[in-house]
Structure formats: structure tokens, C-alpha cells
Amino acid sequence: MSNTKPEIVFFDRKLIEERDYWVDKLAGFSESETLRFDHQRGGQFNGRNDAIDLNLSAELCGKLMKLTNNGPFLLYTTLMSALKICLHRYTGRESIAVGSPARRQGGESGEFVNALAIVDHLDDRLSFKDFLLKQRETLLAAYSRQRYPFRLLRADLKLPEAGNGCPLFDVALTLSDIHHRMYEAEHNIHMAFDRDGDRVTGRVEFNGDAFEPGTITGFTGHFLNLLEAAVQNPGERVGNIPMLTEEERHRVLVEWNDTREPIPTGLCAHQLFEAQAERTPDATALEFGNQTVTYRELNEKANRLAHHLIKSGAGPETVVALSLDRSIDLIVALMAILKSGAAYLPLDPSYPLPRLEFMLADSQASMALTQPDFLPLFSGKVSEVICPQEIQSLLSVESERNPEVEMSEQNLAYVLYTSGSTGRPKGVMVPHRGLCNLAGWMEATNPLSASDRVLQKTPMSFDASVWEVIAPLTAGAQLVIAEPGGHQDSSYLVRTIKKEGITIFQGVPSMLKAMLEDPAFKECTSLRQIYSGGEALLPHLRDGLLAHGQVELVNVYGPTEASVDSTSYVFSSGDIGSGGKQSSVPIGRPVSNAVAYVLGHCLEPVPVGVEGELYIGGAGLARGYRGRPDLTAEKFIPDSFGGEEGARLYRTGDLVRYDRDGNLEFVGRIDQQVKIRGYGIELGEIEGVLNEAGGIKEAVVIAREDDRGENYLAAYIVREESGMMSQGELRGYVKERLPEYMVPKAFVMMEKMPLLSNGKLDRRALPEPEAARPELEPGYVAPHTAMEEVLAELWRDVLGIQKVGVNTNFFSLGGHSLLATQLITRVRDTFQVELPLKKFFENPTITGLAATVAESQAEKADESEMAQLLVQLERLSDAEAELLLAGHAPVPGQSELANNIGAAGESEDSALSANRNRPRYKANT
């Protein structure tokens, strides 16, 4: 094996100083793709170049010569400055590197091929003139140290060998007056300029395997626009120099945001429902199990409760906590709160008590609607607690007429709490105007009919539930209510869609994926529309859903701060496979009366195809955060584009880009918020809880992707010298304070955190968890029966771990509700039993699951035996059956049948009933 070392020769002290300069300047800097590639490249840079010419107008050339005093170095500095600002706008990066050849010295001839990486930090507050001076100093410093070979610097920085271009810069810039044209580095774009007197010409060579000519033409056009604006007004701040043409600005700001649709003015959401109840009073509004409620009945029930709430102090701008299991009563209570003029605050009793107590106090809720088993949550925390089921006699004397409450569409409708980056949840305040606009958008674009059946399965603490309730009940459709806990069970949802003939269903992609994998999903032929939202919809899932009959797929996007849905894109079966496997799935254009702007750092619109932050505005915008004027001012900024007085924009923190058709494509986040199974999570909130646990020196939480392509949370912990909890105790500590979906699946102990050269955390260097589980519990018990062995194997496969004890809690091993659904589906298939997911949540261990499976098998065997006995009973005449059930055996062999019926636990009355209704049982068998 060869031990050959790279040949590094230092000729003099000056060269050593040059090396130290470049290593210090570039350590930790990595410039990946500067422009988004149009094509995925292979493993090697092949250098196949295409080229386009740059046309600099005579007017622009004249301004350039005037600004640079006709000096070639200053001309190059100006071109370099404009190019870096343009790349800064395209990438959003603050540090930008551009390649340059070494500067030609005096009368030097030939081609000196060394390459330099010219790096600058962009400050949008600097004027272009000041940035020119800064750039001049950067270039002079670089050229005075231009001898150190680039190939040696690459080795010093431990950069990869030549392959997909240069690892430090993607774009190179040359000016023939001061540079040779060739140098030692691969790059994807080379902008070469020549000067002939007062004329400047340019040519752009680019990697044709990576870029389409149209992409380069657009980029160079923006570069020239920016260059012309900068030399015209060099005192302008870097962040404010315009880059788009007036035509482009009009397209992205006005044309693609022309969403005006008439919406009911002066009305509130419950008034839209009241109008529908008046139009179709006898139509079915709600179904829950065997219960049905008409629009008239729902309206009257809600009115009685609303009048009682008003007498208790509810009214406009007051907040009423709502904590009820999913049922008819839940919808009645929600409508009653809105009718009283108050806003509802949904509280999920599955959340940890400290979180619920914070939400109650922070929201300043004055009263609560709940059920008896949730009463302890509200004791001493609100002025009045009402259990609707326990005050039916009081409600029966209340008026059935619609309450007359003086309020408007600007009044508060609900408060929803979302994860907060500062460690505390934040309450989003949404007025009635947003709900009315949501209903109006549905009516204008995807109208529901009286024959539509919508499944309500989302917990009220998430804004998708608002859509599920308001959209159907203001359009005359039927709302089918899922059983409590049903939203966690994909198999249950599939069965319910089939059984209830659901036509409209909405869900997060992770749940839609689980449903699509259920063989019974193909039998859900009633579906005509599926809404996907909450997280990115991947192409293969889109295609799988579209392949399901004639279903229409609507991909929606919207933060809680913007009344559920802000943009939408409709797919049909003809879109299967569109865009290829690597294509992102559009989130579409703004919904009715909404606007969506893609802006850069200084709130300037970015070009088509360029990533920027998404800003949402319009009729659906929330009022802000409850009791947080500072955070509201930070996140809800004035709208300087729309022209409406007082209008604001919400900065979403989401990175998006426009495609050429004006549809938005989701790219990622600019901050630490992540989406896990559709839940928006601020990682800082989890880190804050961990840092309060004691014994922890430092805690970092990131989102990782498992082998199935699903995101999960991983916590990285640096311990103090003593006093820290075990991993299992730490998981329990977090679970007592945060909802289940915010509890990390993996806890990784670190000696120290990896850092970049600037001292910041290197998140990319955090190791992948070897096993997403805590250490084995002290009382570990291995599986010891055949059933436990089978169940343990299913657990290992679903959780991706190697060892599991029969008494270990599924959720303490990193399990979550969606994984629990997958596990129970596989258990059902393996043991051929019906197993309620709710029972598993009550006892989530292998021991408990084995007992539940055994119980279900026994029940199934009893049912099978009884079915066989009933078949035998069917064969008897009525007289024989009566004698047999009376304890007599009129014919030989019937004594055994009588004994079997008795052993099966059938009473005489129930058996006689079965005999009298024999045709029904015969049909079942």
C-alpha cells in the first residue's frame, strides 16, 4: 500500500503567509450550487460549454466608464460587485465567492492558470459605492497573495477532488485587460468581458449539462438590470437596487396576485351557517355513529347553548375554552360559542397539563365548555365551567332563535396555539373575516353540494379542523364525524370512507401515504376530492392518489396565521408522472382574496425560479398573536405592494420559488421550524425544555429522515459532569411538558458539539443516531411466548430497533401515533383479528398487546361458534326450536346442541329472539 504524500513545497516565507491567508479566509466556506441546476449532473464535471453573448448598451457602457474613470481595475471591481449582489439575491447567502484568475503582471505574456476564490460578506445596508470600496480592498488583498497554488489550497482545505465543478465557487469572472482566460479550476458559469475603448462586451460560457439557455439568459438579464441601476445611482443601498424589469415586477406582484372574488361583507361564519340552515332546514347536517342531526336541529341546539353562554358572560372578544371528545356535542358547542360572539380556544386533553394551563392563562379564557372527565383541568382557572350534557334541563328552556349579537367580521373567531421558537407556545388570533373568506373561496373554486359527505377527523387544536367544519356546514353538505381517536388510525379512516360514502377527505401526506398502502383503499370509490396539506406532497404519493379512480387532488398550503389555506393547486389523473421523479409538487397560487409574495432579504421581489421567503396577505390574515405585540410586529409587517391602507403581510419563514407558470413551489425553511407528520414545530421550544431539565450543558434538536423517508426529531445532548437524567427519564421529562409529536424519537449523547471555523454549530456534522431509542430499562424482560416473539419482531421492524422488552412502552422507544397505526395494521393482518387502536394506546406494551390479541381471538372464536350454532338452529322447525330452547331435546342428537347454546352464554330470551329473526341471522352467515 502506497504511503505517498502530496508534494507541498514552500519556496519562501511569503508563500507561507499566502497559504495562511487563504486557509483562514476560506476555512469552513463551501459554495455549492449558486444557481439551481436545470438538470441533475453525473459524477464528473465534463466541461461541455454552451455560450450566449451579453449586450451592454452604449448608455450603460458610458455610465460604467464614468463611474470607473476609464480604469480597467475599477471596471472589473464594478462588474464583480454587481455580480456578487446578483448572486446574493439569487441564493440568499450572505457570503458569496466568485472565481477569478490571478492578475496579469506588467508586460507578462502567456497564460498563468492559477485560480483565486474572491469571497465577500454582503451587507444589504451598505451603499453600492461603499461596497465598491470594500470589494476593491478584497481584490487587492487577493491579488497580492495570488501565487499560492489553488491545487495545494484545495488539499489544505480538504476539499474534494475535481468532479461536479469547483467546491468553492460556481461562477467565474474575467476581464481581458487584466486577466488571462485560462486557470486551474472547474466552474459552471464563466462571465468573460472585453473592453475596446469605451465599449464593453461580454460572453457567458456555461455548463450545458447543468443549465438550460433560458436560465442563463434570465440570470444575465438580471445582472445587467442590477448593474445599470447601480451605476445610475451608486448611493443606493445594496439591498434596494432593483433587479427585475417593470414587466417582471408587475407579473409577480400584481398579475399573479389578482385573486379578487366577492365575499359576504359584514357577516360572521356562524351567520353563513344560519343562512344555510334556513335554506335547507330538513337536510342532514351531522352524522355520528347512529345519530343524525338536521340543519334545523343543529341550529336550534347551538342557539339554546349560545343564549346560555351569553347569560354567563360570553360575548365579542371574550375567549371560551372548548374541550370535548369528538361528537355531535362538540360541533354544537363550537357553533354556540361563535353565535354568542365569543372566540373558541380548543384544548386537547392529551396535551401535558403544564401546556394546557399555560394556554388557558395566556389566552385569558373566561369560561370553558367541557365534559365531566375533563373538569379537573379547569378547576380554579376560569370563572365558569359548563358541561352541556349536565345542563340539558336548563338549555331546554332557552330560546331556539338565532341570538342577536352586535359584532362584525373583524371580531375574533378562534385562538389556536402553535409551537413557539422562544420556548413558549403562541396563540394565533383569527377573525371571522378569514373564515368567511375560506367559505367563499371554496364556493368559488371547489363548491360542495348537498350530496357531498365530508369526514371531520382533525382535532380542533389544528386549523385543518376549521376547514372540515366550516366548509361543509356553510354549503349544505353533510358532516360525518369520526370517532374519538379515529384520526390516528389509517385503517379506521379507510373503512369509514368506504362505509360512510365519504366524497371529500383532507389529510396530511404522511397519513395519506399510510391510507394508500392499505389494500382496502382501492374500495373507497365514493371519493371525488382529496385535499393534501400540512407538509410537502411528494411526486410518488401524488401519482398514487391520482391513480385512484377519478379523484381530484388539491394540494393546499397555509400557515395557522392565515385562516387554514393560503394557496392551492388542483391535480387530475392526467397529471400522473408530470415533471418527473425529481420535480417538486406545486402548492399553486393564492386562494381568493389572498396575496403571496416571494421576497428577498430587503423585501424586494425575486425572479421566477429564484428562492425567496413567502409572505402571505389578504382577507385570510390573522390578527396577530394573543398578548404578544412584539412578536406580532415582527411577523406581521406592513404591505408595501398592495396599496390597501393598513394591510399587512405575514412572513411565513418558508422558502419558495415561482415556476414559469406562476405557481409556487415549496423548497424548505429559513429557520429552525420543521414539519413532523404535518405538525409545525419550533425546535427552539424543545431545546428550551431540555435545557431546563438539569444536568445538561447543551441541547440541540434537529429533524432527520429515516429509511422510509419520514422525518423524525433527534436530540443531541452534552451532559454536565454529573446530575443528568437517564435517556428514558429525559424522554419522560419532555413528554410531561410537550405534546407527543414534539418528543424526540432519538437522544444522542455527545462529548461536545461539532463547530464550524467561525465557532457556530455545524448541524450537518451531527452524527446519525445509531439506534433511535433509549438504553434498555433496568427490568428488561425478553419475549418468552410465541405470540410475544411475533409481536416483538413487528415492533423491531416498525421502530427500526434491534431489541425490545415485553414491558417497554412503545412510545418510550420513539414510537408515535402514525407508527402505532402501522403496527396495529400489521398485527391485524398477522393474527387476523380486529384490534382497536384505542386499546393499544391504553396499554402500549408487548405484554398488553399480546393480551389484547388473545382476547380478540377468543371473541372471534366465540362469534364463530355461535354462528355455527345459529346455522344448526336454522335447520330446526319453529316447534323444535321452542322445545330445544326450553331445555328439551325432542329428537336424538339435539341434547348436545342445547348444551352448546347454553355454554355459549345465550339466555333463553336472546335465543328466542334470534330464532324469531332467523332470516336476518341467515343473511349474516
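Residues numbered from 1 in each chain as written. Predicted model: local features only at pLDDT ≥ 70, side-chain atom pairs only at ≥ 80, totals over all residues. Heavy atoms only, no water.

Peer 1: Teacher, can you tell me more about the overall build of the chain here?
Peer 2: If you tally the helices and strands in the chain, you get 29 helices and 32 strands. At a minimum sequence separation of 6, the contacts of the chain that also span at least 24 residues come to 68%. (Helix = DSSP H or I, 4+ residues; strand = E, 2+ residues; numbered from the N terminus. Contact = heavy atoms within 4.5 Å.)

Peer 1: Please explain the pairing of strand β27 (residues 664-669) as it appears in this structure.
Peer 2: Along a regular strand, successive side chains alternate from one face of the sheet to the other. As paired strands, strand β21 (residues 586-590) and β27 are joined by two bridges and run antiparallel to one another. Of the residues in β27, the one forming a bridge with glycine 588 is leucine 664. In this structure, strand β26 (residues 648-658) lies alongside β27, joined through five bridges in antiparallel fashion. Bridge assignment links aspartate 654 to a residue of β27, and that residue is arginine 669. (Pairing = 2+ DSSP bridges.)

Peer 1: Is there a simple way to explain the nonpolar core in this structure?
Peer 2: Side chains of a nonpolar character, in soluble globular proteins, are inclined to be buried together. Core analysis: the largest hydrophobic core is formed by 93 residues, its most contacted members being Leu56, Leu83, Leu168, Leu173, Met191, Phe193 and Phe223. Excluding its chain neighbours within four sequence positions, the residues that come into contact with phenylalanine 223 are Leu79, Ala82, Leu83, Cys86, Met191 and Phe193. Counting residues in each nonpolar core, the second largest holds 72 residues, with Ala277, Tyr295, Ile328 and Leu395 among its members. (Core = buried A, V, L, I, M, F, W, Y, C linked by side-chain atoms within 4.5 Å. Buried < 20%, exposed > 50% of the residue type's maximum accessible area, 1.4 Å probe, protein only.)

Peer 1: Explain unusual backbone geometry to me, please; I cannot follow it from the model alone.
Peer 2: Among all residues except glycine, the phi angle is most often negative; among peptide bonds, the trans geometry is most common. With phi around 60°, glutamine 364 is a residue other than glycine that occupies positive phi space. Relative to the elements of secondary structure, glutamine 364 occurs in the loop between α11 (353-363) and β11 (367-370). When its relative accessible area of 60% is taken as the criterion, glutamine 364 is described as exposed. Positioned with a positive phi, asparagine 593 is a non-glycine residue whose angle comes to about 60°. Locating asparagine 593 in the fold gives a position in the loop between β21 and β22 (594-599).

Peer 1: Looking at this structure, I do not really get the pattern of salt bridges. What am I missing?
Peer 2: Should their charged atoms come close, side chains of opposite charge can pair. Evaluated as defined, the whole model comprises 37 salt bridges. Between arginine 304 and glutamate 400 there is a salt bridge, and its shortest N-O distance comes to 2.2 Å. Of this pair, arginine 304 sits in helix α9 (residues 295-311) while glutamate 400 sits in the loop between α13 (392-395) and β13 (412-418), placing them 96 residues apart in sequence. A salt bridge links glutamate 793 to arginine 796; the shortest N-O distance between them is 2.9 Å. Of this pair, glutamate 793 and arginine 796 both sit in helix α22 (residues 786-799), three residues apart, which is roughly one turn of that helix. Assessed through its relative accessible area of 44%, glutamate 793 is described here as partly exposed. Among the charged side chains, a salt-bridge network with shared partners connects Lys14, Glu17 and Arg145. (Salt bridge = Lys/Arg side-chain N within 4 Å of Asp/Glu carboxyl O.)

Peer 1: How do you make sense of the packing of helix α16 (residues 490-500) against helix α17 (residues 509-516) when you look at a structure like this?
Peer 2: The axes of two packed helices give the description: the angle between them and the distance between them. Between α16 and α17, whose axes approach to 9 Å, the crossing angle comes to 70°. By the angle between their directions, the pair α16 and α17 is classed as roughly perpendicular. On the side of α16, the interface is formed by Ser490, Leu493, Val494 and Ile497, while α17 contributes Met511, Ala514 and Met515. Here the contact of α16 with α17 is built from residues that sort into six nonpolar, one polar and no charged. (Axes fitted to C-alpha atoms, helices over the stretch in contact; angles between N-to-C directions. Parallel < 35°, antiparallel > 145°, perpendicular 65-115°, else oblique. Nonpolar A, V, L, I, M, F, W, Y, C, P; charged D, E, K, R; others polar.)

Peer 1: What is the right way to look at the confidence of the model for the chain in this model?
Peer 2: Detailed reading of the predicted coordinates is not advisable wherever pLDDT falls low. On average, the chain scores 84 in pLDDT, and the residues at 70 or more come to 84%. Ignoring residues within four places in sequence, the model shows residues 903-925, a span with pLDDT below 50, making 25 contacts including any to other chains. (pLDDT = per-residue confidence, 0-100.)

Peer 1: In this structure, what is going on with the packing of aromatic side chains? I would like to understand it.
Peer 2: Centre-to-centre distance and the angle between the planes together describe a pair of aromatic rings. Taken as a whole and assessed by the stated rule, the structure comprises 18 aromatic pairs. A centroid spacing of 5.1 Å and a plane angle of 80° characterise the contact between tyrosine 21 and tryptophan 22, whose relative ring orientation is edge-to-face. Here tyrosine 21 falls in the buried class, since its relative accessible area comes to 18%. Looking at tryptophan 22, the relative accessible area reads 3%, which means it is buried. Aromatic pair tryptophan 795 and phenylalanine 840: ring centres 6.2 Å apart, planes at 90°, arrangement edge-to-face. Here tryptophan 795 is found in helix α22, whereas its partner phenylalanine 840 is found in helix α24 (residues 837-842), with 45 residues between them in sequence. The side chain of lysine 457 reaches across the aromatic face of phenylalanine 505, ending 5.3 Å from its centre. It is lysine 745 that lies over the ring of tyrosine 712; its NZ or CZ is 5.2 Å from the centre. (Phe/Tyr/Trp six-rings, centres within 6.5 Å; stacked < 30°, edge-to-face > 60°. Lys NZ or Arg CZ within 6 Å of the ring centre and 35° of its normal.)

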